[in-house]
Each structure stands twice: as structure tokens, then as C-alpha cells.
Amino acid sequence: MISQQAKDSIERIFLYSARTRLPVDSSDACDITALDAQQANTALASHIVVLTISSIAFRFLLVLHFNDDQATRDYYLRESEERSLAEALMEVGNLCCGAINQQLVEFFPDLGMSTPYQLSGACVPYLTELKPGYLAAFRVSIGANVQLGATLCICASSPVDFVAYVNEAEESTGELELF
Amino acid sequence: MVDQYVIAAALAGVAWGALAGLFVHRWWYRKRAAAQRQTTVDAQSTALAQAEERHAAEVRQHEQQARELHALVDTLRDDLAQQSVSAEEAREALNALHLQKDEWLQQATRLSTEAGRLRHLSATFERWHEQMISLMSQNHDMHAKNNELSSIVRHVLIVSLNASIEAARAGAAGRGFSIVASEVRSLAARSQELSKSYHDSLNRNDLITTATFQDIQAGGKMIAASLASVEALAGQIQSRLEQATT
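Read on for a plain summary of the structure. (Residues numbered from 1 in each chain as written. Chains lettered and ligands numbered in written order. Predicted model: local features only at pLDDT ≥ 70, side-chain atom pairs only at ≥ 80, totals over all residues. Heavy atoms only, no water.)

Describing the overall build of chain A
In terms of helices and strands, chain A carries four helices and seven strands. Scanning chain A from its N terminus toward the C terminus, one meets helices and strands in the order α-β-β-β-α-α-β-β-β-β-α. Relative to the compact-globule value of 16 Å for 179 residues, chain A shows a C-alpha radius of gyration of 15 Å, a close match. If one aligns the C-alpha atoms of chain A with their principal axes, the spans along those axes are about 45 × 35 × 25 Å. Here chain A, with 179 residues, has 52% of them falling under the buried criterion. Of the contacts formed within chain A by residues at least 6 apart in sequence, a portion of 72% connects residues at least 24 apart. In the structure as shown, chain A presents an accessible area of about 8000 Å², 47% of it carried by carbon and sulfur atoms. Charge separation in chain A, taken as the distance between the mean sites of 10 positive and 23 negative side-chain charges, equals 6 Å. (Helix = DSSP H or I, 4+ residues; strand = E, 2+ residues; numbered from the N terminus. Rg over C-alpha atoms; globule rule 2.2 N^0.38 Å. Buried < 20%, exposed > 50% of the residue type's maximum accessible area, 1.4 Å probe, protein only. Contact = heavy atoms within 4.5 Å. Areas by Shrake-Rupley, 256 points an atom, 1.4 Å probe, with all protein chains shown as cover. Lys, Arg positive; Asp, Glu negative; His and termini not counted. Charge placed at Lys NZ, Arg CZ, Asp CG, Glu CD.)

Description of the interface of chain B and chain A
On the chain A side, the residues contacting the 21 residues of chain B number 24 residues. When chain B packs against chain A, close to 1900 Å² is buried across both sides, 63% of that on carbon and sulfur atoms. The largest per-residue losses of area from chain B upon contact with chain A belong to L207, Q214 and M222 of chain B, which jointly make up 34% of the total buried on that side. The salt bridge involving R59 of chain A is made with D215 of chain B; its shortest N-O contact spans 4.0 Å. At the boundary of chain B and chain A, one finds 10 residue pairs in polar contact (both at pLDDT 80 or more). (Buried area = accessible area lost by both parts, 1.4 Å probe. Salt bridge = Lys/Arg side-chain N within 4 Å of Asp/Glu carboxyl O. Polar contact = N/O pair within 3.5 Å; in protein donor to acceptor, adjacent residues only side chain to side chain.)

Some words on the pairing of strand β5 (residues 117–120) of chain A
The side chains of a regular strand alternate, first on one face of the sheet and then on the other. Residues and elements named next belong to chain A. Only one face of β5 is covered, namely the face carrying Y117 and L119; the face carrying Q118 and S120 is uncovered. Where strand β2 (residues 47–55) and β5 come together, four bridges link them in antiparallel fashion. For H47, the partnering residue across the bridge sits in β5 and is S120. (Pairing = 2+ DSSP bridges.)

Focus on the packing of aromatic side chains
All names here are of chain A. Enumeration over the complete set of coordinates arrives at five aromatic pairs over all chains. Relative to F162, the ring of F107 lies with its centre 5.0 Å away and its plane at 40°, an arrangement referred to as tilted. One end of the pair, F107, is in the loop between α3 (85–104) and β4 (111–113); the other, F162, is in the loop between β7 (146–156) and α4 (168–173), with 55 residues separating them in the sequence. Centre to centre, the rings of F108 and F162 are 5.2 Å apart; their planes meet at 85°, and the pair counts as edge-to-face. Within this pair, whereas F108 is found in the loop between α3 and β4, its partner F162 is found in the loop between β7 and α4, the two being separated by 54 residues in sequence. Residue F108 is classed as buried on the basis of its relative accessible area, which comes to 15%. Looking at F162, the relative accessible area reads 6%, which means it is buried. (Phe/Tyr/Trp six-rings, centres within 6.5 Å; stacked < 30°, edge-to-face > 60°.)

Overview of the environment of A34 of chain A
All names here are of chain A. Mapped onto the elements, A34 comes out in strand β1 (residues 30–34). Owing to a relative accessible area of 54%, A34 belongs among the exposed residues under this scheme. In this structure, the C-alpha to C-alpha distance between A34 and R19, residues 15 residues apart in sequence, is 14 Å. Excluding anything up to four places from it in sequence, A34 contacts A137 and F138.

Focus: α3 of chain A
With 20 residues, α3 of chain A should cover 28 Å at 1.5 Å per step; its first-to-last C-alpha distance of 28 Å lies within 8% of that length. Most of α3 of chain A is tucked away: 15 of the 20 residues are buried. (Expected span 1.5 Å × (residues − 1).)

Side note on the packing of helix α1 (residues 4–21) of chain A against α3 of chain A
Residues and elements named next belong to chain A. Between α1 and α3, the least distance of the axes is 9 Å, while the angle of their chain directions is 140°. Here α1 is positioned oblique relative to α3, judged by the angle of their axes. Crossing handedness for the pair α1 and α3: right-handed. Residue-level contacts link I10, I13, F14, Y16, S17, A18 and R21 of α1 to V92, L95, C96, A99, I100, Q103 and L104 of α3. Here the contact of α1 with α3 is composed, by residue class, of 11 nonpolar, two polar and one charged. (Axes fitted to C-alpha atoms, helices over the stretch in contact; angles between N-to-C directions. Parallel < 35°, antiparallel > 145°, perpendicular 65-115°, else oblique. Left-handed = near helix turned anticlockwise from the far one by under 90°. Nonpolar A, V, L, I, M, F, W, Y, C, P; charged D, E, K, R; others polar.)

If you want it as C-alpha cells, here you go:
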């Protein structure tokens, strides 16, 4: 139901959005590697942040995995110690999902995005309960020490087929308006 | 004397001749005048005939023109009648269009109002959000209780294991107690499995509840955005129809 070129497009959009939105500083290194299919529905960390983009034909879930460890805390709570790490990751996830939403709206005019929600990493195996047509996992390394994970899950009720190419100029400058 | 007679006769002859000449002259003159009059009369008759002929031709021409004018008047009358019918039809069509435009304006106004009213659906989505938060809070509470239960079960397992050890130390006297301790350990192990299964069910419930709620929430935003577009479009149509009316 989801064409291969649509899956490739989603992956390109995610890679662009993750590279431009997940690092706190645009100069920080962000290395993303795709994991094999067996790890697509396994927990990559102890906590996850879930966001959903809904359209008439499909729903897209972005799952951001993170551990509440010192390296992640030091990176994402550098300036505001008032909030929790989960809150910081929900904000980052919201930015990343917003960038994906902005790219997808070019192809699907009727889209809406949810607010982020934090769950236990133990929930990830149950993504298969949603009967996804596309499930992919990625390991995200930011800077020297921060390790995140990301799972993309698309559940389609109608055929989904589109081709999207990310504008490399926009990706390099990272000045894309989100909302 | 004769001479006198001759002279007299001559004079008489001359006189008669003169008289005769005079008469002849007068006769000739009258004849010529009559001939001239006749000529004049003939000429006038000819001219009259020609004038009558011209007049007749003009009359015929005028009659022809009059017939043509009558035909033209008839044609114009028919045209006027047709134009009147067309104008009446056009007036009726215009009135129908005015009515239709008024109806469209009413419908556009209604559509705009309805779209504006439906924007308040966001309150419904907010209510769902609150209920979802409540549901997730309840799930969180069940997680905590299950963790507590799991902790108790683990403790019971340790206690039952200790009881088995103590029963073994007691030897034959502790045989009955050993059976009870073993049964308690078996029950604790089953409780532990049940607790783990319950823990998995709660995690599954968390994910499905969150995914479902987020789909509803995002779908609600999608609907709200679509309704805002419909409302803006309806407002534009309404504005244009109002401008067209004024």
C-alpha cells in the first residue's frame, strides 16, 4: 500500500529533519545510521517520545528513543535546568516532527500534527499492533556522546505514493521555517 | 364724266379690294391666331398629358413607397413584438438570477456561519485530550500498583524459598511445612508471570491509547485547518456576492 519510492521519500525527509532539528547547535555532528528490520520494533532506549502526523490516507508516528543519562542531560539541558530531560526531548521531537510535517504538506494538503507524549521504551514492540505498512529504525549519534534512536511507523488506509527530494541548500543552512 | 365713273369705279374697286384685302387679312389673321391657339392648346394638352403621366408615375411611386413603408411598419411591429417578448423573457431571467443570487448569498452566509461554528470542534478535541491525559494517568497509576504487586510477589518468592529451606532443616517434622512453602512459591511464581503479563498489557495499552489519541488530536487539527480554509473561501464568496448585489 506504501510504494517503495514513498518509503524512500519518507526516509529522506526524516534524515533531513533529524539532521537539522535534533542537534541543539547546527554545528554539532549528527550521524544517522539505519538499523536492520529486526530492530525496527525494539526499544533502542529506556524512554520514548511519540508524535503523530495524521492525514486522510495515513498516519505517521515518529518515535524518538532516549536514555536519561548524564551525557544526554548535559547536552540537552545545557541552558535550562528548570525543565526535565523528557520535556527537552519532547520539544526537540516536536521541532523534528514539525519539519517532517512541513515537507509532507507539499504532497498531502490535509495534515495535522499531534502534541508529543512520553512513554516507556517497553512500549515500542507494540508498534506492530498498529499494523504498520512501513517501520524503520535509526541510530542517531549527536556530538561525541549523545545516543538517540528513532523509529518511523506509517499506517496507511489508502495507497500512498509520492516522491520527495530534500533541498540540500536548505538542509545546509538549516533556515527552513517550520510553522 | 366717264372718267369720273371710271375713277369712281376704280376707287370703288380699290375700296372693295381694300375691303376684300382687309377681310382676307383679317380672315388669315384669325386663322393664324386660331392655328396658334390650337398649337398652344395642343402643346398645353401634351404638357398636361405629360404632367398627368408624371403625376401618375409619382402617384404610383408614392403608392409603392407607401406599400413598402407599410411593409416596413409591419416588420418593425413584428420586431417590436418579438423584442418585447425577448425583453420580458430577459427580465424574467434577470429576476430569476436575482433570486438565485440572493439564494446563493444566503447559502454562502450559512456556509460561512456553519464553518465558523464548526471551528468550535476544537473544544471537543480539547475534551478528548483531557480524557486521554486522565486515561494515561490511570495507566500510570496501574503501572505503579503493578510494580508494587511485582515487588510483593518477589518478596513472597524469597519468603517461600526461605520457608522451604527452614522446612528442610526441620527434617521430618517440617515435611508438611515444606509442602505449604512449595505451594506458596508456586503461587508466587504464577503471580509474577501474571504481573509481567499485566505489565506488558499496560505497555501495549499505553502505546495504543497514545497512538489513537494522537491520531484523533492530529486529525482534529487537520479538520480544523480544512474548516478554516472552507470558512475563508465561503467568506470570499459571500463578500463577492454582496459586492455584486450592491
